[in-house]
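# Survey of secondary and tertiary structure
Here is how the chains run, residue by residue.
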Amino acid sequence: MLDCAIIGGGPAGLTAGLYATRGGLKNVTMFEMGMPGGQITQSSEIENYPGVFREGMTGMDLMEPWPHQCQHFGLKHEMKEVKRVSKSGEHFVLDIGSEQVEAKTVIVCTGSTPRRAGFEGEDEFFGKGVSTCATCDGFFYKNKEVAVLGGGDTALEEALYLANICSKVYVIHRREEFRAAPPTVERVMKNDKIELILNASIDRAFGDAMGLTGLDIVFKDGTAPRTLDVPGVFVFVGNNVKNQVLIQEDGSFLCGTNEQGEVIVDLKMHTNVPGLYAAGDMRIEAAKQVVCAASDGAIAGMQALEHILEQA
Ligand code: FAD
Ligand code: NAP
């Protein structure tokens, strides 16, 4: 029986493992289906993780030492996908395909993935002009023109953020009405640096070996197509929370989730099931930053430790 099972080996999972093992838990395993590091390893440049700035540092560079540090304190890594976690009496059972693993506590850190919009060239130029993170990549377009796709709160809030950095922001949205909160829409409307392109969608993203150079825009109402010469487009069309491990045989979730499927936790990363914690991008109101995911993981690791000590 594991003292603690951690599902997911991104910044949240690794930091949970570090704090749980260094705090004294002996029997802690992190299940990460790929190489540890999480989604930030896809990033070609990270410059906002405090204290480790170096020009040209990639997400892979940032994450490379993390597993070594965790293993030093005794964290075990199993390169396996967890299919489901469920409750059995006082304990949890992890279904990992051919076998089942029991654990006293579980920290779920499976992250979320920004949804793709599905236009031509989106995958080809992802990370080379197509981005899903303005906080991460906005600075690369300082004083340049960029586009934002989407009409929700994220798209409009990020468009306002980008308007502080970029010379112009085109907001491309498929309808005339916005899903975003009215005060945010009002701020966008009043911003001179933002141009709204409505009833529109991106038909194609194009570029060269260096990256994106532009977008072909088409309109629903028959308006003539338009080309935007932009080196960056930010796609904010919602997120898919990776919560599949929490779905039980009858389709219900093991713990409380909101309408988007994000796990409801309190400030100590507790779900409504004792001994079960969620940390990082998959939890409600996550800031979706490496430093925040790591912080969540640290809190969850300490809470798992406390739970085990209380039961002893
Ligand atoms: P993740 O990093 O998503 O890790 C979750 C892990 O769980 C994954 O490794 C996955 O393989 C694993 N997993 C999922 N399901 C299972 C399962 N069933 N069984 C086993 N393993 C599973 N943030 C910044 O702070 N600065 C940046 O500059 C920045 N740039 C970014 C650029 C890009 C292109 C992207 C995509 C994100 C960027 N982010 C950035 C956001 C940052 O990467 C995330 O906020 C952070 O990685 C979230 O950490 P996490 O541990 O919650 O989840
Ligand atoms: P969202 O509310 O789901 O909005 C997604 C937007 O993308 C919608 O405008 C949608 O258009 C558009 N879209 C979806 N698929 C598309 C596609 N394939 N091509 C083009 N456009 C597409 O997502 P979100 O903005 O990330 O917000 C998620 C949740 O977090 C929401 O509940 C939101 O309120 C909340 N949130 C709150 C705040 C805040 O309170 N400050 C900030 C950020 C997010 P349609 O409108 O036509 O469907």
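Residues numbered from 1 in each chain as written. Chains lettered and ligands numbered in written order. Predicted model: local features only at pLDDT ≥ 70, side-chain atom pairs only at ≥ 80, totals over all residues. Heavy atoms only, no water.

This paragraph deals with the site of ligand 2. By nearness alone, 15 residues border ligand 2, and Asp153, Thr154, Glu157, Arg175 and Arg179 come closest of all. Contact between ligand 2 and Thr154: an oxygen atom at 2.7 Å from a side-chain N or O atom of the residue. Arg179 places a polar side-chain atom, nitrogen or oxygen, 2.6 Å from an oxygen atom of ligand 2. Summarising the interface, the protein chains cover 67% of the accessible area of ligand 2, which totals 910 Å² for the free molecule. (Near = heavy atom within 4 Å. Polar contact = N/O pair within 3.5 Å; in protein donor to acceptor, adjacent residues only side chain to side chain. Areas by Shrake-Rupley, 256 points an atom, 1.4 Å probe, with all protein chains shown as cover.)

Quick look at the site of ligand 1 now. Not every one of the 31 residues close to ligand 1 is listed here, only the nearest: Glu32, Asn48, Cys136, Asp281 and Val290. One nitrogen or oxygen atom from the main chain of Ala12 is found 2.9 Å from an oxygen atom belonging to ligand 1. Between a nitrogen atom of ligand 1 and a side-chain N or O atom of Asn48, the distance comes to 2.9 Å. Relative to its unbound accessible area of 1000 Å², ligand 1 is 94% covered by the protein chains. Of all the elements in the fold, those that place two or more residues in the shell around ligand 1 are helix 1 (11–22) and helix 7 (290–311). (Helix = DSSP H or I, 4+ residues; strand = E, 2+ residues; numbered from the N terminus.)

Turning next to the state of the cysteines. On inspection of all chains with the given rule, the structure shows one disulfide. Left without a disulfide partner, Cys109 is nearest to the cysteine sulfur of Cys4, which lies 8.7 Å away. Residue class for Cys109 comes out buried when judged on its relative accessible area of 7%. With no disulfide of its own, Cys166 has Cys133 as its nearest cysteine by sulfur position, at a separation of 13 Å. Exposure remark for Cys166: the relative accessible area of 0% places this residue in the buried category. (Disulfide = S-S within 2.5 Å. Buried < 20%, exposed > 50% of the residue type's maximum accessible area, 1.4 Å probe, protein only.)

A few words now on the side chain of Asn243. Residue position: Asn243 is located in the loop between strand 16 (239–241) and strand 17 (276–278). Of note is the side chain of Asn243, whose polar atom sits 3.0 Å from the backbone oxygen of Gly261. Apart from the residues lying within four places of it in its own chain, the contact partners of Asn243 are Phe253, Gly261 and Met282. (Contact = heavy atoms within 4.5 Å.)

Most of strand 1 (residues 2–7) is tucked away, with six of its six residues classed as buried. Pairing between strand 1 and strand 6 (residues 100–108): five bridges, direction parallel. Pairing of Ile6 across the sheet is with Ile107, part of strand 6. Looking at chain direction, strand 1 and strand 2 (residues 28–31) are connected through four bridges and run parallel. (Pairing = 2+ DSSP bridges.)

Moving on, we come to the domain arrangement of the protein chain. Taken domain by domain, the protein chain comprises domain 1 (2–113 + 239–311) and domain 2 (116–235). If you average the C-alpha positions of domain 1 and of domain 2, the two centres end up 32 Å apart. Listed by partner, the interface residues are six residues for domain 1 and seven residues for domain 2. Summed over both sides, the interface between domain 1 and domain 2 buries roughly 470 Å², with carbon and sulfur atoms accounting for 44% of that surface. Considering only the side of domain 1, the residues that lose the most area to domain 2 are Glu45, Glu47 and Gln289, jointly responsible for 61% of the buried surface there. Linking domain 1 with domain 2 are zero salt bridges. At the boundary of domain 1 and domain 2, one finds zero residue pairs in polar contact (both at pLDDT 80 or more). Per-class residue counts for the side of domain 1 that touches domain 2 are no nonpolar, four polar and two charged. (Domains from an automatic or database assignment. Buried area = accessible area lost by both parts, 1.4 Å probe. Salt bridge = Lys/Arg side-chain N within 4 Å of Asp/Glu carboxyl O. Nonpolar A, V, L, I, M, F, W, Y, C, P; charged D, E, K, R; others polar.)

Tallying each qualifying case throughout the model produces 13 salt bridges. For Lys83, the salt bridge goes to Glu81, with nearest N and O atoms at 3.5 Å. Through salt bridges with shared partners, one network takes in Glu78, Lys80 and Glu99.

Further remarks concern the packing of aromatic side chains. The tally for this structure, following the rule as stated, stands at three aromatic pairs. Summarising the aromatic geometry, the rings of Tyr141 and Phe234 are spaced 5.8 Å apart at their centres and angled 85 degrees between planes, so their arrangement reads as edge-to-face. Of this pair, Tyr141 sits in the loop between helix 4 (134–137) and strand 9 (145–149) while Phe234 sits in strand 15 (residues 232–235); the two residues are 93 residues apart in sequence, bridging distant segments of the chain. Classification of Tyr141 as buried rests on a relative accessible area of 11%. Three or more aromatic residues joined by ring pairs form one cluster here, namely Tyr141, Phe234 and Phe236. Taking NZ or CZ as reference, Arg116 lies 3.8 Å from the ring centre of Phe126, over its face. (Phe/Tyr/Trp six-rings, centres within 6.5 Å; stacked < 30°, edge-to-face > 60°. Lys NZ or Arg CZ within 6 Å of the ring centre and 35° of its normal.)

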